[in-house]
Amino acid sequence: MNTYMPSAASIERKWYVVDATDKTLGRLSSEVANVLRGKNKPIYTPFLDCGDYVIVINADKVKVTGRKLDQKIYFRHSEYIGGSRYTSLREAMEKKPVKVVEHAIRGMLPKGKLGDRMYTKLHVYEGAEHGHAAQKPEELNF
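Structural notes, computed from the coordinates.

Here is what the cut-offs are and how they apply
Residues numbered from 1 in each chain as written. Predicted model: local features only at pLDDT ≥ 70, side-chain atom pairs only at ≥ 80, totals over all residues. Heavy atoms only, no water. Helix = DSSP H or I, 4+ residues; strand = E, 2+ residues; numbered from the N terminus. Buried < 20%, exposed > 50% of the residue type's maximum accessible area, 1.4 Å probe, protein only. Contact = heavy atoms within 4.5 Å. Areas by Shrake-Rupley, 256 points an atom, 1.4 Å probe, with all protein chains shown as cover. Lys, Arg positive; Asp, Glu negative; His and termini not counted. Charge placed at Lys NZ, Arg CZ, Asp CG, Glu CD. Expected span 1.5 Å × (residues − 1). Patch = residues over 30% accessible without salt bridge, like charges linked within 9 Å, V, L, I, M, F, W, Y side chains within 5 Å. Salt bridge = Lys/Arg side-chain N within 4 Å of Asp/Glu carboxyl O. Pairing = 2+ DSSP bridges. Axes fitted to C-alpha atoms, helices over the stretch in contact; angles between N-to-C directions. Right-handed = clockwise from strand over helix to strand, strands pointing away.

We now examine the overall build of the protein. A count of helices and strands for the protein gives five helices and six strands. Walking the protein from its N terminus toward its C terminus, one meets helices and strands in the order β-α-β-α-β-β-α-α-α-β-β. Projected onto its principal axes, the C-alpha coordinates of the protein cover approximately 60 × 35 × 30 Å. Among the 142 residues that make up the protein, the fraction classed as buried is 37%. A separation threshold of at least 6 residues defines the contact pool for the protein, and within that pool the share at least 24 residues apart is 68%. Surface exposure of the protein reaches about 9,300 Å², of which carbon and sulfur atoms provide 51%. Counting 24 positive and 17 negative side-chain charges, the protein places the averaged centre of each group 6 Å from the other.

Here helix H1 (residues 25-37) spans 18 Å end to end across 13 residues, near enough to the 18 Å set by a 1.5 Å rise per residue. Elements in contact with the buried residues of H1: strand E1 (15-19), strand E2 (53-57), helix H4 (97-106), helix H5 (113-119) and strand E5 (122-124). Just past H1, the residue Gly38 takes up positive phi, approximately 95°.

This part takes up a positive patch on the surface. Together, Arg76, Arg85, Lys95, Lys96 and Lys99 make up a region of like positive charge exposed at the surface. Its place among the elements puts Arg76 in strand E3 (residues 73-77).

We now examine the sheet that holds strand E6 (residues 138-139). Two orientations exist for strands paired in a sheet by backbone hydrogen bonds: parallel and antiparallel. Taken together, four strands build an open sheet; the order of strands is E5-E2-E1-E6 and the sheet is parallel. One side of each edge strand has no neighbouring strand; the edge strands of this open sheet are E5 and E6. With two bridges connecting them, E1 and E6 associate as parallel partners. Among the inter-strand pairings, Tyr16 is bridged to a residue of E6, identified as Glu138. Of the strands in this sheet, E1, E2 and E5 touch H1, which is tilted by about 155° from E2. Contacting E2 and E5, H4 crosses the sheet at an angle of about 155° to E5.

A few words now on unusual backbone geometry. For Asp22, which is not glycine, the phi torsion reads 60° and is therefore positive. The phi torsion at Glu79 lies on the positive side, around 70°, for a residue other than glycine. Looking at the element boundaries, Glu79 is found in the loop between E3 and strand E4 (84-88).

Most of E2 sits inside the fold, with four of its five residues counted as buried. Strand direction decides the pairing type here: E1 and E2, joined by five bridges, are parallel. Bridge assignment links Val18 to a residue of E2, and that residue is Val56. As a crossover connection, the stretch from E1 through H1 into E2 is right-handed. The sheet contact formed by E2 and E5 spans three bridges and is parallel. Across the sheet, the residue bridging to Val54 is Leu122, located in E5.

Structure representation (structure tokens):
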């Protein structure tokens, strides 16, 4: 018996659109990360990028549970002494909700070059409009 091993050329990629309205941030992110990795396909291979393209719309309408809006803190550093910056989830959602959704999904992808390639297939938009109508994306429901 032989085990089927897909090659990079034999992988067919689809386009999916996901509406983030009233979806929980973590649950949405884990489902989108699974589609980006290709775990929803029977030919999933851990060391190949066999995932699909995902468009997330209405990123500004995503929900979080509990007191995460005030308690979840994003940290960054400018590499200078005293250059640490802290931003709460509430402030980040007001300024850049797209970055919040991208950050959550990026954290659920593999680290390294493979994860970087998977991340390039993610497109997040704040409103309901996106510029990928020519790709004929299918709606993806969770």
